[in-house]
Amino acid sequence: MRRPSATTLLQVVSSVPSLSAASITPDALSFINPLIGTTNGGNVFAGATLPYGLAKAVADVDGQNTGGFGMDGSNVTGFSSIHDSGTGGKPSLGNFPLFPQVCHDDDLNNCMFRIGDRKTHYKMDSVFAEPGQFGIQLESGIQANMTVSEHAALYKFKFPDSKGNHPLILLDLTDLWQSRQNASVIVDEKSGRMVGNGTFLPSFGAGSYQLHFCVDFFGADVHDTGVWVNNRAGTEPKHIYVTRGFNLFYVESGGFVRFKPGSDDTVTTRVGLSFKNYEQACRNAEKEIPDPLKNFDSLVNAAQKEWRDKLGPISVKPGGADKDLLVSFWSGAYRNMISPQNYTGENPHWDTGFPYFDSFYCIWDSFRAQHPLLTVLDPEAQTQMVQSLLDMYKHEGWLPDCHMSMCQGWTQGGSNADVVLVDAYVKNLSSTIDWELALEAITTDAETEPLEWSHHGRGGLQSWRKYNYIPYLDYDPLGFGTNSRSVSRTLEYAYDDFCLATLAGGLGKNDMQKKYMRRSMNWQNLWKKDQTSIIRGKDAGFQGFFQPKYMNGTWGFQDPIACSPLASFCSLTGNPSETFEASIWQYLFYVPHATSSLITLLGGDVAFVSRLDFFHESGLADISNEPVFLTAYLYHHAGRPGLSAERIHQYIPSSFNNSYGGLPGNDDSGAMGAFLFFSVVGLFPVAGQNVYLINPSFFEEISIKHPVTGKKATVRNVNFDAGYKHSYIQKATVNGKPWTKSWIGHEFFTEGWTLELTLGKNESHWGQKPGDRPPSWTSS
């Protein structure tokens, strides 16, 4: 039976009867569109996966393929079984792709082996994606459907009427960005089983990793087997080993099997994967998919049950809100459980006997919203992720800022795993976490500089202690890394030290708390009070910005609009600057622990609001990148929470919607989806603190049942209207009692409180008093 297309799925969602009267709980999966973010640089993984699963099966394309598949009408180059989701830069994983074809005149010499030769357009209206399965039809007429278990993928390749031909399926010893260093395959002559491995480079990190595969075929007899190199193949030998080749020339190579198709012209293919050895890859596949010809539907059903269970805590009463917003909302929650990935039993470097997660890609992106969201929706998984980070510290010596494919990834800013750990601590995530070990790990980040701080720890610590900032063109003979980002690293190190102080104080270490609280105010040392900003030849009218400073105390200069949408993008290696992936205008607002002190520096509430308005209305704000998230809510700190509500409606749904390009940029392992989710709920986290900023929800009512305590937390809007004319809070109650603060703690979720917001058309005085604003620390 032909699967419905993605377009059909959207039509089904749009045709759901009126949803205003009831909470949406019967089948959340009907409101998930995995194809959101498959164009416009969203880089999402759109294929079949279990929550946090290792196996991730999808068609790989030669267009927008960072997550494997892009809904961009490009060419399919293969079908691979392991991916990351929402990453930036080079495509990640996509190892050992399969490719089915019927060779012209049934001649092996007419088969297309190299990527550039075999690539084939797909039919846009054939694409079908839902949790647990993915389907697509190539213009060659071949239909591919796929699903997964935890460590294995199952494909059904249905060929057009073979008419006496022998359809071929090849395996390519490559990955999506062709980083393979060496690889091998052995093909069994009788069964066609392929086993082997390859050594690859992580797409954003140091070192290399090995991945092993085990591929079996069912439903058709084997005609012949062999290996191929570049554009030629032969039935002898049955194995091959390839390296980068002469002068690093990339040899395309792999194995193949041709079949005598059965009555339905379908070849069912099972792919097992392991980071340890191919024997384990085979065991994984055989255990999890014991009867491939009968298991497809049961695998889909099992995957969808797991997804329903994970999303089960959420229920919604839309109140007439747009149905596309419902799809965006549920899909955002779904994408947050694709990565990080559960690699328990697959780590070749150590095995503690406890769950192990990898693909933290990268924490600079995910600490602000994704990990706080998992703390709410899936605290068990988030606990295991925290413990995995601590395992990395124990075995590698440092907490990671980025970690993928068992490799250490590049550090983008501060030591942001510090924030993830402390966020877990202040929210009392789990009693099983070793907080003394966490304190040791974070203190190591703060005090011990690694020789190579480009992929863990912090650089410039000697200067950090001596000058109380990271200097411009810092002299750092103790360690080596990308000597840039002096402004953004100063700001991030300051917040990291605040988080360290928070944990130290909570564990009764008062002297440590005082020390790192003092250091958390080091951000002030890069404040240049007379600095102006010129935009298009005109003074923007604001004075006072962060600026780079040399070791001798004199000022350097970075244009405050550099690295913004009004200028050019800044990354680690492309246009490295004194801020990372955002401008000085953006980093102006990154003092999450001491925003009241920043407001004072800027001249008070009115001046602060004026700056925020200009930032968001001038084109300087880049909603496609995570540092902007919290800025949309900082009006709370100036006693104007109603303006935060206005600002969020500027971005939702215009930049977050139910379309293939429905994300403003790279999803970053779900970070964009987490921003959308919290914004729609009306509670936005300040990561590292027990603080959620209160805003009106985009739905009449949303409830989340805590998976551990079983208590149901509810946000309810009174006077809700789906046109959002009533978007200002007039008053609030918690469990029926007046609540004047513009923020609330994590107890709301764990204890199952009810937050009721009475809305009106005009901004009120709710949340404006100094005592009702979010907490902010000051050294004065």
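Computed from a prediction, not measured in an experiment: that's the story for all the values here.

Cut-offs applied
Residues numbered from 1 in each chain as written. Predicted model: local features only at pLDDT ≥ 70, side-chain atom pairs only at ≥ 80, totals over all residues. Heavy atoms only, no water. UniProt positions renumbered as here; feature names shortened; annotations may be inferred. Helix = DSSP H or I, 4+ residues; strand = E, 2+ residues; numbered from the N terminus. Core = buried A, V, L, I, M, F, W, Y, C linked by side-chain atoms within 4.5 Å. Buried < 20%, exposed > 50% of the residue type's maximum accessible area, 1.4 Å probe, protein only. Phe/Tyr/Trp six-rings, centres within 6.5 Å; stacked < 30°, edge-to-face > 60°. Salt bridge = Lys/Arg side-chain N within 4 Å of Asp/Glu carboxyl O. Expected span 1.5 Å × (residues − 1). Bend = angle between axes of the 7 residues up to and from the residue. Disulfide = S-S within 2.5 Å.

Turning our attention to the UniProt feature "domain: Glycosyl hydrolase family" (unreviewed entry) in the protein chain. The positions UniProt marks with the feature "domain: Glycosyl hydrolase family" (unreviewed entry) are residues 280–761. Across residues 280–761 one finds 38% helix and 14% strand; the C-alpha atoms that close the span lie 62 Å apart.

The next subject is the nonpolar core. Counting residues in each nonpolar core, the largest one holds 230 residues, and the members touching the most others are Phe69, Phe79, Ile136, Phe329, Trp330 and Leu683. For this core, the element with the highest residue contribution is helix H12 (residues 486–506), accounting for 11 residues. Counting 7 residues, the second largest nonpolar core, distinct from the first, contains Ala152, Ala285, Phe296 and Val300.

Geometry of an aromatic ring pair is reported as the spacing of the ring centres plus the angle between the planes. Under the defined criterion, the tally for this structure stands at 46 aromatic pairs. Ring geometry for Phe329 and Phe677: centres 4.5 Å apart, planes at 10 degrees, overall stacked. Here Phe329 is found in helix H5 (residues 323–335), whereas its partner Phe677 is found in helix H18 (residues 671–681), with 348 residues between them in sequence. Phe677 carries the same exposure label as Phe329, and that label is buried. Look at Trp527 and Phe546: their rings are 5.3 Å apart centre to centre, the planes differ by 80 degrees, and that puts the pair in the edge-to-face class. Placement of the pair is Trp527 in strand S24 (residues 527–535) and Phe546 in strand S25 (residues 538–546), with a sequence separation of 19 residues. The residues Trp527 and Phe546 share a single accessibility class, namely buried.

This paragraph deals with the pattern of salt bridges. When charged atoms on two side chains of opposite charge get close, those side chains can pair. Counted according to the given criterion, the structure contains 29 salt bridges. Here Lys528 and Asp530 are joined by a salt bridge, their closest N and O atoms 2.9 Å apart. In this structure Asp530 comes out as partly exposed when scored by relative accessible area, which is 46%. Measuring nitrogen to oxygen at the nearest pair gives 3.0 Å for the salt bridge that ties Asp605 to Arg773. With Asp605 in helix H16 (residues 605–617) and Arg773 in the segment after strand S33 (754–760), the pair connects residues that are 168 residues apart, well separated along the chain.

Let us now look at helix H4 (residues 292–311). With 20 residues, H4 extends 28 Å between its outermost C-alpha atoms, agreeing within 8% with the 28 Å of an ideal straight helix rising 1.5 Å per residue. If you look at H4, its biggest bend is around 30 degrees, right at Ser298. Looking only at H4, the buried set comprises Pro292, Asn295, Phe296, Leu299, Val300, Ala303, Gln304, Trp307 and Leu311.

Using the criterion set out here, one finds 4 disulfides in the structure. The disulfide partner of Cys214 is Cys282, and the gap between their sulfur atoms is 2.2 Å. Since a negative S-S torsion denotes a left-handed disulfide, the Cys214-Cys282 link at about 100 degrees is right-handed. Of the two residues, Cys214 sits in strand S13 (residues 209–218) while Cys282 sits in helix H3 (residues 278–288), which places them 68 residues apart along the sequence. A relative accessible area of 0% places Cys214 in the buried class. Covalently, Cys362 is tied to Cys402 through a disulfide, its sulfur atoms 1.7 Å apart. One disulfide, between Cys362 and Cys402, carries an S-S torsion of -55 degrees and so falls in the left-handed class. Placement of the pair is Cys362 in the loop between strand S21 (357–358) and helix H6 (363–366) and Cys402 in the loop between helix H8 (379–396) and strand S22 (403–404), with a sequence separation of 40 residues.

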